Each structure stands twice: as C-alpha cells, then as structure tokens.
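# Examining the three-dimensional arrangement
Residue-level listing of the chains:
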Amino acid sequence: MTGAPARPSRLLIPASALLWGLQIALLSPALALILSTLYGASTTDIGWSLAIYNTGGFLASLLIPAWADRHRSYLQVLLACGVLTIALAGTLAAVTTLPWATVALVVLGGPAGLGTTMLFAHLRSAGTATSSIVNTRAIISAAWMGGPPLATAIIGWAGGRGILAAIVVIALLNIATTATMMRRHRRTAPERPAAGHTREPLPPGSRTGAVLVVAAFVLFQATNATAMTFMAIYVTGTIGLAVLWGGIVLGVAAALEVPALVIIGRLGDKVPHLTLVAVGAVAGIAYYLGLALATGPVALLLLQVLNAVCFAAIGGIGLALFQDLIPGAGLSTGLFMNTRRLGAIVSGPIIALGALSPLGQRGIFLSCAALTLLGLALVHLARRSAGRRAAKDQLPVGG
C-alpha cells in the first residue's frame, strides 16, 4: 500500500496539461464567434481585434516568462493565469462594446494565455526528461482533437456566454490542480535548473546557434500553418474533391500527431535533439512535395504520416531543443511558442506569393518544401556551430 499515494502525483501533470489544452482549444476557435455574437462585430472588426489581441499576447509571452525566470515563480504565474482567465471571461460577459472587449483581451487574455508556457517551463526547471515533456505536449494535442467541436456545440446550445461559463469552470479546475502542484512542490526540494540551463548569457557560439534555430523554426511553423490553413481550399479547388475530404484529412493528421509525439519523445532521451529536428524537416519536405503532386484522397491520407513525423519533431522535440539552447525555462518556452505566432504571420505571404506560380495552388506547397529545406540548412549550420563550440570547450588551456 506504500506506493498508492504516488499515483495522484503521477496523474497531476497530465491532468493539468489536459485542462490547459482544453481551455485554449475552447477559447481560440470560439473567439471570433464570441466577438460576433456578443458585440455585433463585423468581419473587419474581428480581424483588427484579433490582431491587437495577438500582438498583446506576443509581448506578454516575452516579458512574463522572463520575469518568471528571474523569480523562479513558474507555478505562481501558472496560478495567476487561471485567475486571469476567470477575470477575462467575466469581463467579456459584462462589457457591451467591442473596444472594451479588445482591451480585456489584451490586458487579461494575453497573460492568461501563458498557461501551457508556464507548465512546460515548470517541467523543464524541475529537470523533467525530454520524453515526459513531449508526452505532456501530446496530451495538449489530444485536447485539441475534442476542444473545437465541443466549443461549437456549447455555442450552439448556450450562445457566446455559455462558452465563457464553460471556460470559467475549466479555469477553476486549473487553479485547483496548480494549487495542488504548489503544495507538493513546497514539500520537495526547490526547483533547480535542468542540465544545460544557466541564467548567465550564452557564449557567442551558442548565441549564433540559437539564432539560427529560432529562424529555422519560424520557417517550419510557417509552412505547417500554411498547409493546415489552406488544406480545405486545396482539396476542393485543385484536387477536385468534396470539402468533406478536407476535414477528413485534417482529422487524420490530428489523430496521428499524438502517437508520433509519444514515439519521438522516447527517442528524444537518446538521440540529439537537433538530429531529430533535422529528420522531421526531411519528412516535412517530402510531405509538401507529396501534396504538390497528389491527385486523390488516398495519397492525401498516406502523406499525413509524414506530416505527423514533421509535426512531432517541430512541435515536440523543438520545445525541448529551445529549452536546451536558451537560458531560462520560461523565456526559452515563450520564444518557442512565439515561433508559432510568427509562422502564422509568414504563412499569409506564402499562400499569396506561392499561388502566383504557373502551377497555381500546387506552387504553394512547392514553396513550403523550399522554405523547409532552407530551415533544414539553418539547422545544419546550428549543428556545426554547436560542434565547433564543443570542440573549443574541450581544448586544453593554451591549446
């Protein structure tokens, strides 16, 4: 019976990841509908409001994680994210105009959206293995499989304020799980930086490698966002299938992400992270080339295996890689999350310019393949930079 009390502790992090993932998966796809139904916002108004909100979120994900690193306060900030989520939902339900709703999204929503960032920062600061971090990322992906359909069902049944009420309930559960983690954490040793993490500035060689990796991941995230955003239009406009197939393809892609993350997470404890990211990039190049050549549903479905490998390397191992390269568990995790935001911005020009080629929409995915190849080259340069730095560190004094 002595081993029984440890079981809730093992379930605490997965439960927290599931709840935070579900909270984001409910709010993100429903936000445009909330702005439209509660405040009568037009499409243009929604676009500007979301742009301002995302800009605020970008700044919050740089400043707040850096503060958490200085004070070693990841769980405290995580708890604050839950409280701010409740304040955001209450404010959105109370205000009656879009400008005030936008202010609430920036002031409250930006910091409240850092829940998963702080959770991963806490795991890294506590010395959690790569496999466990990537497994936690897989749980968040699983939450996204059910979140959007649940959000639309709640809105259809209870309207915009109904989804806000559901988010409050989940936020209360998040506060409870975080408070439990804080109590357990106080009974153990204080957080220590994981191996390879230091609060000192990176040496010049390491800074170069980090900059190269950040640039590569912006490209990787941009091409991934492009494929996801444009898939439904591509399936109907170029391949000539019913729009239903677009949903099927994206659903298969989401279903394959979870096992891919679990498998690559186990490899991440044994294989260098840069190597796994390079393998994922190669799979991504093959995926985009395959999309450009695909002519039917079978090819689209089979290609999702390559997509899953690419996503697992970029979205799973990439997080651990950033935490390896960049000092501060909070700042490194925040920077990784921001590559997704920047990639989403870059995906717009990829779609617009890629479609101008003689190949039409197929040119978009050829552009994605070329940009992923460029990202792979940057990863290779980062590996060489890391290798030179390691060789220099091993030289004897005066040698």
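This text follows the structure it describes.
Residues numbered from 1 in each chain as written. Predicted model: local features only at pLDDT ≥ 70, side-chain atom pairs only at ≥ 80, totals over all residues. Heavy atoms only, no water.

## Side note on the nonpolar core
The following threshold applies: In this text, buried Ala, Val, Leu, Ile, Met, Phe, Trp, Tyr and Cys residues form a nonpolar core when linked through side-chain atoms within 4.5 Å. Throughout this description, buried means an accessible area under 20% of the type-specific maximum (1.4 Å probe, protein chains only), exposed means over 50%, and partly exposed covers the range between. Residues count as neighbours in contact if any of their non-hydrogen atoms are within 4.5 Å of one another.
Judged by nonpolar contacts, the single largest core of 79 residues is most densely connected at Phe217, Phe220, Val277, Tyr288, Leu291, Leu300 and Phe365. Not counting residues within four places of it along the chain, the set of residues in contact with Tyr288 comprises Thr223, Asn224, Ala227, Phe365, Cys368, Ala369 and Thr372. Grouped together as the second largest cluster of nonpolar side chains are 29 residues, Ile46, Ala89, Leu105 and Ala166 included.

## Quick word on the pattern of salt bridges
Keep this limit in mind: A side-chain nitrogen of Lys or Arg and a carboxyl oxygen of Asp or Glu constitute a salt bridge if their distance falls within 4 Å. By the criteria applied, helices consist of DSSP H or I runs no shorter than four residues and strands consist of E runs no shorter than two, each listed in order from the N terminus.
The tally for this structure, following the rule as stated, stands at one salt bridge. With a closest N to O distance of 2.3 Å, Asp324 and Arg124 form a salt bridge. Placement of Asp324 in helix 10 (residues 297–325) and of Arg124 in helix 5 (residues 115–125) is noted, with a sequence separation of 200 residues between them. Among the residues examined, Asp324 registers a relative accessible area of 27% and is labelled partly exposed.

## What to know about the packing of helix 6 (residues 130–186) against helix 8 (residues 243–268)
Helix packing for two helices is described by the angle between their axes and how far apart those axes are. Operational definition: Axis definition: a line fitted to C-alpha atoms, over the contacting stretch in the case of helices. Angles run 0 to 180 degrees between N-to-C directions. Angle categories: roughly parallel below 35 degrees, roughly antiparallel above 145, roughly perpendicular from 65 to 115, and oblique for all the rest. Note that Gly is not counted as nonpolar here; it falls among the polar residues with everything else outside the nonpolar set of Ala, Val, Leu, Ile, Met, Phe, Trp, Tyr, Cys and Pro and the charged set of Asp, Glu, Lys and Arg.
For the pair helix 6 and helix 8, interaxial distance at closest approach is 8 Å and the crossing angle is 175 degrees. Classified by the angle between their axes, helix 6 and helix 8 sit roughly antiparallel to one another. On helix 8, the residues touching Thr130, Ser131, Val134, Asn135, Arg137, Ala138, Ser141, Ala142 and Met145 of helix 6 are Ala254, Ala255, Glu257, Val258, Leu261, Val262, Ile264, Gly265, Arg266 and Gly268. The class makeup of the residues in the contact of helix 6 with helix 8 is 10 nonpolar, six polar and three charged.

## Notes on the packing of aromatic side chains
Two measures describe an aromatic ring pair: the distance that separates the ring centres and the angle between the ring planes. Our working rule: Within 6.5 Å between ring centres, the rings of Phe, Tyr and Trp (the latter by its six-membered ring) count as paired, and their orientation is classed by plane angle as stacked under 30 degrees, edge-to-face over 60, tilted in between.
Across all of its chains, the model carries six aromatic pairs by this definition. Where Phe217 meets Phe220, the ring centres are 5.5 Å apart and the plane angle is 75 degrees; that geometry is what we call edge-to-face. Highlighted residues: Phe217 and Phe220, both in helix 7 (residues 204–237), separated by three residues, approximately one helical turn. With a centroid separation of 4.6 Å and 70 degrees between ring planes, the pair formed by Tyr234 and Phe365 is classed as edge-to-face. A residue pair is termed long-range when its members are at least 10 positions apart, and Tyr234 in helix 7 and Phe365 in helix 12 (residues 362–394) qualify at 131 residues. For Tyr234, a relative accessible area of 0% gives the class buried.

## Concerning helix 5
Most of helix 5 sits inside the fold, with 11 of its 11 residues counted as buried. Along helix 5, the residues classified as buried are Gly115, Thr116, Thr117, Met118, Leu119, Phe120, Ala121, His122, Leu123, Arg124 and Ser125. The first or second residue beyond helix 5 is Gly127, which carries a positive phi of 80 degrees.

## A word on helix 6
Two residues of an α-helix separated by three or four positions point the same way, owing to the 3.6 residues in each turn. Note the cut-off: Expected span, for any helix, means 1.5 Å times one less than how many residues it has. What the bend at a residue measures is the angle between two axes, fitted to the seven residues ending there and to the seven starting there.
A rise of 1.5 Å per residue sets the reference length of helix 6, with its 57 residues, at 84 Å; its end C-alpha atoms lie only 23 Å apart and thus fall more than 12% short of the reference. Its axis deflected by about 125 degrees at Ala158, helix 6 carries its strongest bend there.

## Digging into the packing of helix 3 (residues 74–94) against helix 5
The line we're drawing: With the far helix as reference, a near helix turned anticlockwise by less than a right angle produces a left-handed crossing, and one turned clockwise produces a right-handed crossing.
Closest axis-to-axis distance for the helix 3/helix 5 pair is 9 Å, and the angle between their directions is 160 degrees. With respect to helix 5, the axis of helix 3 lies roughly antiparallel. Remark: the crossing between helix 3 and helix 5 carries left-handed chirality. Together, Tyr74, Leu75, Val77, Leu78 and Cys81 of helix 3 and Gly115, Met118, Leu119, Ala121, His122 and Ser125 of helix 5 make up the contact between the two elements.

## Overview of the environment of Ala352
With respect to the helices, strands and loops of the structure, Ala352 is situated in helix 11 (residues 329–354). The exposure class of Ala352 is partly exposed, given its relative accessible area of 46%. When the C-alpha atoms of Ala352 and Ile364 are compared, they prove to be 8.2 Å apart, with 12 residues separating the residues in sequence.

## A few points about the environment of Met228
Structurally, Met228 is set in helix 7. C-alpha separation for the pair Met228 and Leu250, spaced 22 residues apart in sequence, amounts to 7.3 Å. Excluding its chain neighbours within four sequence positions, the residues that come into contact with Met228 are Leu250 and Arg340.

## Some details on the side chain of Thr116
Relative to the helices and strands, Thr116 is located in helix 5. When its relative accessible area of 8% is taken as the criterion, Thr116 is described as buried. Those residues within four positions of Thr116 in sequence are excluded, and the remaining contacts are Trp20, Ile24, Ile140 and Met337.

So, to be careful, I would describe these as geometric facts and stop short of saying anything about function.
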